[in-house]
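Residue-level structure breakdown
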Amino acid sequence: MDAQAMHIANGIVNGPVSAIFVVVAVAVLAVCVVKARADLDDRLAPMAGLVAAFIFAVQMLNFQVLPGVSGHLLGGTLAVILVGPWVGALCVSTVLIVQCLLFADGGLTAIGLNITNMALLGTAAGYLLVAGLLRVLPKNPGGLGVTAFIASVVSVVVASQGFVLEYALGGTTQLSLPWISGTMAGTHVLIGIGEGLIAATTVATVARVRPDLVYALRRFRKPVVLEEAAA
Amino acid sequence: MTRKFGWFLAGGLLVALLLAGVVSNFASSSPDGLDATAREGCTFDANGEITGGTCIAQREQAHQMADSPLADYGIRGIHNSALSTGLAGVAGVLITFGIGAGGFWLVRRREQKAA
């Protein structure tokens, strides 16, 4: 049977640094919950549940990127485009917590590290790219697909460097940091391309079927002045 | 929730169930980018235990939830690997949807100005 371990396991980064990142993750996720409330209406709530379930499913689909090396989608960019940055970070975190507690994937001690890299750094990078690119690219399924592709590649590489930072702070072994950084960046560019293709297909499909459900098309177009006024 | 939106959710969930329940059996079983980097420099025996060398994963410890009935994306007790992976995937999609949709529903913004 394939024993797929896809996230940081226990014992790779020492206890104190792992604990610090648990605190970081909890603090940022608390901010996300507060910010997400403004976005979460009766429609976005079940939509976000679907996005989390979809990311869980696609994370199971490891694709080959090099001989003996595979990769899988992380999902931050996809989530940002469909449900926005705050809810998106919570979606990816939900997936990581379910995987850790029920599927024994990603160490319990390492949960803060994994959330920081994939749910926080990956989603933040994806959000910045998506917000920037949608200022210049057309807001249609094609433009959204290109945006998703580029943002995914960058987001996955940024997430991979999050691990390098954590390892630099508290790695339990002393391997060359430039080597780790380079190896992680190299494989994750390839993984990012795979993720980009999946994310682009997904968001372009949703944009074609139900453009009204795509957060990036609704919210990134103009500031929501009405909501600010009502609050 | 409108009926049309209900159909969209049902359709999306069906796609996720098919991906996790069926397509997952065609996934690559090679270690992913992180795991491959972590293992580089060490040698492994048939069970995946480190036998020598120096690598990031050298001090890796067992998972606290290794005894979970769904550990490693399989259902304990089901020996048909395709069935085990597929059912674990289906369970994961439903559980993630339940926790996600339920959690987001609880913290959602209530419709203001009811009066």
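Before going into details, it helps to say that this report is about the structure given with it.

Parameters and conventions
Residues numbered from 1 in each chain as written. Chains lettered and ligands numbered in written order. Predicted model: local features only at pLDDT ≥ 70, side-chain atom pairs only at ≥ 80, totals over all residues. Heavy atoms only, no water. Helix = DSSP H or I, 4+ residues; strand = E, 2+ residues; numbered from the N terminus. Rg over C-alpha atoms; globule rule 2.2 N^0.38 Å. Contact = heavy atoms within 4.5 Å. Areas by Shrake-Rupley, 256 points an atom, 1.4 Å probe, with all protein chains shown as cover. Patch = residues over 30% accessible without salt bridge, like charges linked within 9 Å, V, L, I, M, F, W, Y side chains within 5 Å. Salt bridge = Lys/Arg side-chain N within 4 Å of Asp/Glu carboxyl O. Core = buried A, V, L, I, M, F, W, Y, C linked by side-chain atoms within 4.5 Å. Buried < 20%, exposed > 50% of the residue type's maximum accessible area, 1.4 Å probe, protein only.

Let's talk about the overall build of chain A
Each helix and strand counted, chain A has nine helices and two strands in total. Listing the helices and strands of chain A from first to last along the sequence gives α-α-β-β-α-α-α-α-α-α-α. At 17 Å, chain A has a C-alpha radius of gyration in line with the 17 Å of a compact globule built from 231 residues. Considering only C-alpha atoms, chain A reaches an extent of 55 × 40 × 35 Å along its principal axes. Across chain A, contacts joining residues at least 24 apart in sequence account for 76% of those joining residues at least 6 apart. Carbon together with sulfur atoms contributes 72% to the accessible area of chain A, which is approximately 8400 Å² in total.

Considering a nonpolar patch on the surface
All names here are of chain A. Together, L66, V189, L190, I193 and L197 give the surface a local cluster of nonpolar side chains, amounting to about 370 Å² of exposed area. With four residues, the single largest contributor to the nonpolar patch is helix α7 (residues 177-209). Mapped onto the secondary structure, L197 falls in helix α7.

Focus on the nonpolar core
Across soluble globular proteins, nonpolar side chains show a tendency to be buried alongside one another. Among the nonpolar cores identified, the biggest contains 79 residues, and L82, V83, V87, L144 and V214 of chain A are the most heavily contacted of them. When residues of this core are assigned to their parent elements, the largest contribution, 13 residues, is made by helix α2 (residues 44-59) of chain A. Filtering out sequence-adjacent residues up to four positions away, L144 of chain A remains in contact with I81, L134, P138, V203, A207, V214, A216 and L217 of chain A. By size, the runner-up hydrophobic cluster in this structure holds 20 residues, among which are V13 and A110 of chain A together with L34 and A38 of chain B.

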